[in-house]
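Architecture and fold: a report
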Amino acid sequence: MDMITLILLLFLGGAIVTWLGGKLSPIVGDMLFLVTIIVPAGMFFTGVTVGEVTHLHALGLTLTWGLSPLSYLFSMIVVGLGILLAIYAVPFMKGKQKTGAFYFNFTLSVMAMLGILVSKDWVSFFIFWEIMTWSSYLMVILNGKDVQRVGIKYFIFSAIGAYAMLMAMVVMNSQLGSFLMADTFNNFQHLTVGNQILIPILLLTAFGVKSAMMPLHVWAPDAYSNAPMAYTGLFSGALSKMGIYGMVLVMVTMINQLPEGTLIRDIIAWMGGFTAAAATLWAITQDDGKKLLAWSSVGQMGYIIVGVAIGTPLAMLAALFLVVVHAMFKGSLFMVVGAIEKQTGTTDFREINGLIRKMPWTFISALISVIALAGIPPLAGFVSKWMLYEALIQNNNYILVILLFFASTAGFLYCYKFLHGYFLGQEEPEWAHVKEAPAAMVIPMLLLAIGTFVLGTFPQLLFKPIDSALQYVGYDATGGHLWGQSILFSEWGDIVTLQPILYVVLAVFVFFALFLWFKGTKGTRYVSTKDISTSGELPKEWENLTFKVNFMQPFERTIEPFLKRQIDKYYTAFGNGLEALFEFTRRIYTGNGQTYAIYAILFLALLLLFRVNLFG
Amino acid sequence: MEYILIKTLEAMATFILAFLVGMTYGGVVRKITGRVHNRLGPPWYQNFIDAFKLFSKTRGIHHGAMHFLGAAFLMVTSVVSLMIIPVLAPGGHAWYNSWFTNMNFNGDLIFLLYIMTFGPLGMAMGAGQTGNPNSSIGVTRGLSQMVGFEIPWVMALVALMISYKTTSVIDFMNIQRETGTWLMFANPFAFIAAVLAMLGMFRYSPFDIVGAPTELASGPVSENGGKFLFTMMSSGSVFTFAKLVLYVDLFMGGANNLVMLVVKTFLLYMIPVLYGIVSPRYRTEQAVRWFWGWPTFIGLLAILYAVMF
């Protein structure tokens, strides 16, 4: 048995064993879970080589699995994030209900994502895609809250995506006679023109649903925030990236061969840009950290979709860079929210206050991740945003640049809201008991946060795998690599033009921080947040100085006209219309034998009445 | 080693220049405001006196680590922007020109746009930790306003990028030197949009919603005194100077010597100042919508102009 099959089987078997072991004792379940994730993941890092292909004969079909440089890049996210979140999940799930189901679905998700990435034929791709959808669906409804509203919404949209993909697969197989991805891509020209347009659109619908592209995004904010936070990091960081993976495949193989390709690209890019801007505005209005991050995820996916849709080498480089970096900082941020939920029992900004001195390490991870999210140099978010803008300007997408700049600037608002909501502001006695989260929860999030810093300073670490992935899917690299197209980077991919500036930023920062620290703390005492002077008046003990409710009210007032328009309402209206239609159908199919008897008699009567016309 | 030492000295010279000019401008603005209000107004060097007083104060209390970092973040932004923005045009021949080159060759507009938001965001964190609700309210207002004016400002910059296919500030200056036309005449719409955005950037009335003395008790800075306030004051002065120089570099061809630099920046500075003296204050949503109205339209015209010509 070869390595890839073994790893997938280990995940599958481990999931079941973990579930059964958890029935014996929680500790056994925890241990088995960690082993299940870490052992195959370790085997993946050491044992799998890019380019190896394996065949599996099952059900009269030949399934082909193999690892390409592109899927290697994505599988690094899945495996890396999977390990860190697994370590995080054990203390997170401690004392919670349904631990076994959580571990089972978590492992299954990781397996399904790896399966998608190694699939070389559409059948196994679809099977793994469905396993992924089902395991994530079970995670979304794991806590039993809002199953009707959230679960059904996610389920319906996933079903739309799955049927679209299935239809595309069937059409391709009937026309080309092969389920192999390579065959369908290479023989794409042999399809009729109608099919050539239909198939990419169907596939893009399927992938657009997973990557939460507007207007297919409505499931995402609720589903992200309803799943356990230890899973949402994977959900938003890796699972939604499967949509991007598929999109990259479709874009570079099918759309490139179409004469109408540029139009489709423009439409997708604009949808992505709109997603980025609108989701950012919605994130600002959220009062729950989970919801805020969920909307922010949708927005960041918008950036990635823009890059993938534009499809110039630089835009792809930016998009894939952001794919990895987004997985890192969003993984870290969801872990932060999870830690806060674990320690305080709530994630509502309006309830929690001033945790900065109680959970300092969580705060540091959140701060670094938020700076990366906002795209401020010298962290990694900046590198990808920079390349994206450069690519867009080169490609003459000027209005799209403005839209993304707007989204990025508006993003500062929710970044601040997030940090202020949990960590800053008045310290309330209600939360005086809160302690820092366990080390097993803090270390993974801190590692991810530091990772964004490392990639911001040494982007060449990530450029090389992205570069080989892009060359694999057919981008020509002049001089052996693609990053040279950005004026930001030198031949070796390290930020030569910006490196001095980054060091100066750090040096000046450290200097002033130390200066103020020594000058400020020497012989001074810390004062509580109640002990402040507001316009020279000392506030009384009973005065409420907390500012949380309607935090962004002025801005929300500004964008009020926009917020009235929600695609969700149209979907609901559509759903209500369908329900009315079904209600009408129910009047015909009443389920009553008498009614059906009348129908039969009426039918016979009609036959008799028109017998001359019908039978001559 | 010697090279680094010289570079450091030059950087300090630039910083001192920015500090002196920025502080003087602050004092002059106070004087002008006073005269327009039919008051005598403080002397032009009042800001220096204030700064000296603040610096020599000792502090008895502190608000925690993030509060310190906030001021440091702010200073970093001011200093880094100043180092990246070319202070004097590359073609000048004055004997001190080489002092102010610093890291000009790296000057990049997108980098500048992001690093310029670094400080306000850090400052916002520091203000948040003090727990003063007025500070947080000021911060949310400030960020909202930033979203407002960033749109016309970015539109103006993108218009320039379209016309000249570069994002480097020094390239723009070279282009203006070679063609002999200032960009404010080459693309007037971009200049107008940028100047309208500038009204929000400098936070004078009617866009002084962040500090808003009568509502928020000076907002984000309200829990700071002594050395903190000194740091913020000097950082603000340096940042004001840096932003003015950026405008001069982009639209007015830069300056060949210090005299021209002072004249050009001062004239430009008077636009928001004089507009502000006679204006009342907007509400936040009015301010943001104002920027999304005519300034954005003119920004669109600038892009259209750049695409067509």
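The paragraphs below set out a description of the structure included in this document. Everything numeric in this text was worked out from a predicted model, so none of it was measured.

Cut-offs applied
- Residues numbered from 1 in each chain as written.
- Chains lettered and ligands numbered in written order.
- Predicted model: local features only at pLDDT ≥ 70, side-chain atom pairs only at ≥ 80, totals over all residues.
- Helix = DSSP H or I, 4+ residues; strand = E, 2+ residues; numbered from the N terminus.
- Rg over C-alpha atoms; globule rule 2.2 N^0.38 Å.
- Buried ≥ 20, exposed ≤ 12 C-beta atoms within 10 Å, placed from the backbone.
- Contact = placed C-beta atoms within 7 Å.
- Pairing = 2+ DSSP bridges.
- Core = buried A, V, L, I, M, F, W, Y, C linked by C-beta atoms within 7 Å.
- Axes fitted to C-alpha atoms, helices over the stretch in contact; angles between N-to-C directions.
- Parallel < 35°, antiparallel > 145°, perpendicular 65-115°, else oblique.
- Left-handed = near helix turned anticlockwise from the far one by under 90°.
- Nonpolar A, V, L, I, M, F, W, Y, C, P; charged D, E, K, R; others polar.

**Here's the deal with the overall build of chain A**
When helices and strands are tallied, chain A shows 24 helices and three strands. Scaling as 2.2 N^0.38, a compact globule of 616 residues should have a C-alpha radius of gyration of about 25 Å, and chain A matches this with 27 Å. Viewed in the frame of its principal axes, chain A has a C-alpha envelope of about 110 × 65 × 60 Å. Here chain A holds 616 residues, and the buried ones make up 53% of them. Counting contacts in chain A only where the partners sit at least 6 residues apart, residues at least 24 apart contribute 79% of the total.

**A word on the pairing of strand β2 (residues 61-66) of chain A**
Residues and elements named next belong to chain A. Relative to β2, strand β1 (residues 53-58) runs antiparallel, the two sharing six bridges. Its bridge partner lying in β2, Leu56 is registered against Leu63. The antiparallel hairpin formed by β1 and β2 contains two residues in its connecting segment, where Leu59 sits at a positive phi of about 55 degrees.

**Digging into the nonpolar core**
Formed by 309 residues in total, the largest nonpolar core has its most connected members in Met113(A), Phe321(A), Leu419(A), Ala156(B) and Ala194(B). A per-element tally of this core places helix α13 (residues 313-344) of chain A first, with 22 residues. Contacts of Phe321(A), omitting those with residues within four sequence positions, involve Val383(A), Ser384(A), Met387(A), Leu462(A) and Ile466(A).

**Overview of the interface of chain A and chain B**
In this complex, chain A contributes 58 residues to the contact, which on the side of chain B involves 60 residues. For the side of chain A that touches chain B, the secondary structure elements donating two or more residues are α15 (380-394), α16 (398-423), α19 (499-521), β3 (525-526) and α20 (553-558) of chain A. A total of 13 residues in the side of chain A that touches chain B trace back to one element, the largest contributor, which is α19(A). Across two bridges, β3(A) lies against strand β1 (residues 61-62) of chain B in parallel orientation. Across the sheet, residue Arg525(A) finds its bridge partner in β1(B), namely Ile61(B).

**Regarding the packing of helix α12 (residues 289-310) of chain A against α16(A)**
Residue and element names in this part refer to chain A. Following both chains from N to C, one finds α12 and α16 inclined at 160 degrees, their axes separated by 11 Å at the closest point. Classified by the angle between their axes, α12 and α16 sit roughly antiparallel to one another. In this structure, the crossing between α12 and α16 has a hand that is left-handed. Within the contact between the two elements, α12 uses Gly289, Leu292, Ser296, Gly299, Tyr303 and Val306 and α16 uses Leu400, Leu404, Ala407, Tyr414, Lys417, Phe418, Gly421 and Tyr422. Its residues assigned to classes, the contact of α12 with α16 comprises nine nonpolar, four polar and one charged.

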